[in-house]
Amino acid sequence: MRVLVTGGLGRIGRAAVAAFVDAGHEVTATDVVQASGSTVPGAWLRWADLADAGDAFALVRGHDVVVHAAAIPNPSSHPPHTLFHNNLMAAFNVIEASVHCGVTRLVNISSESVLGWAFAEREVRPEYLPVDEEHPLRPQDPYALAKSFAEQLCTAAVRRSALRVISLRPGWVLWPDTYPAALGPFLRDPSLPLTTLSYVDGRDLADAIVLAAGSDLPGHVVCYAVAPDLPARDDLVAEARRRFGDEIVVRPVDRPDASGTSSAEIRRLLGFTARHSWRDQLGP
């Protein structure tokens, strides 16, 4: 396949490019940051501002599959209006270009933040755990809102075209070099409540992206992309009680240390199996 990966210099983008190259596909990576000497091994690298419709259409044309991973990833790094405009317009332009240029599959990298609690200014409590694709979305920050609106744009696109879309909602994306700083404090202090109840290794997320790109699922499908286990803890019920109190509903799980977000749907639809765990990096 001829694959375009947006956000190609980001960690998710680079990992996705490497996975596609390893699978034998022809890959173009694009990013807005024109860093001197930047390369993406095995792929063509092109610079573009996807918030500009002309740039988006020029890039998307000629590709079979588009993976949209480009975004300002942190709502605290830019003014809210800057982040929202960039992320939403980039998604809108990429989706529009995919529709009009005959792309067969769009893999939209969404986020678990659409649930509302990743960057919440006011507490948002889950109605039940593990969360699944049926759980209500309650975004409140500009990052989560842009991701939520992008999913709606994907739904609208498949209603009016032959485009097929899979939106992946990763949990906290971790890498071999980020596990110690991210999870070390929770391992050193077992009384410290987790700030998130799910994660995914970036290498596994890249595998999920390749699976999504090759899928023949129709319409717009949404899946949480998470590891099956809870980060830095071994008891979901205990952690849920610690963070949310006794009233939280914890549904039956197949392992005591199950993730706070279910991976059943992505396993069922894409055959996805996470190969990496935080324990591989930080011990049992």
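Residues numbered from 1 in each chain as written. Predicted model: local features only at pLDDT ≥ 70, side-chain atom pairs only at ≥ 80, totals over all residues. Heavy atoms only, no water.

Engineer: I'm lost on the sheet that holds strand β4 (residues 65-68) in this one. Help?
Structural biologist: To summarise the sheet geometry, strands pair through backbone hydrogen bonds and adopt either a parallel or an antiparallel arrangement. Here seven strands make up an open sheet; going across it, the order is β3-β2-β1-β4-β5-β6-β9 and the pairing parallel. Where the open sheet ends on each side, the last strands, each with one partner, are β3 (44-47) and β9 (220-225). Sheet twist, expressed as the average angle between the axes of neighbouring strands with direction ignored, equals 20°. In this sheet, strand β6 (residues 164-170) lies alongside strand β5 (residues 105-109) in parallel orientation, the contact comprising five bridges. The residue bridging V107 from the neighbouring strand is I166, located in β6. Contacting β1 (2-6), β4 and β5, helix α3 (residues 80-100) crosses the sheet at an angle of about 175° to β4. (Pairing = 2+ DSSP bridges. Helix = DSSP H or I, 4+ residues; strand = E, 2+ residues; numbered from the N terminus. Axes fitted to C-alpha atoms, helices over the stretch in contact; angles between N-to-C directions. Contact = heavy atoms within 4.5 Å.)

Engineer: Is there a simple way to explain the packing of α3 against helix α4 (residues 142-159) in this structure?
Structural biologist: At a minimum axis distance of 9 Å, the contact between α3 and α4 shows a crossing angle of 15°. By the angle class used here, α3 and α4 are roughly parallel. Crossing of α3 against α4: the hand is right-handed. Of the residues in α4, those touching α3 at P80, L83, F84, N87, L88, A91, F92, I95 and V99 are P142, Y143, L145, A146, F149, A150, L153, C154 and A157. (Parallel < 35°, antiparallel > 145°, perpendicular 65-115°, else oblique. Left-handed = near helix turned anticlockwise from the far one by under 90°.)

Engineer: Where do I start with unusual backbone geometry in this structure?
Structural biologist: Working note: non-glycine residues mostly have negative phi, and peptide bonds are mostly trans. The omega torsion across L129 and P130 is -10°, close enough to zero to call that bond cis. With respect to the helices, strands and loops of the structure, P130 is situated in the loop between β5 and α4. Positioned with a positive phi, A232 is a non-glycine residue whose angle comes to about 65°. The exposure class of A232 is buried, given its relative accessible area of 5%. (Buried < 20%, exposed > 50% of the residue type's maximum accessible area, 1.4 Å probe, protein only.)

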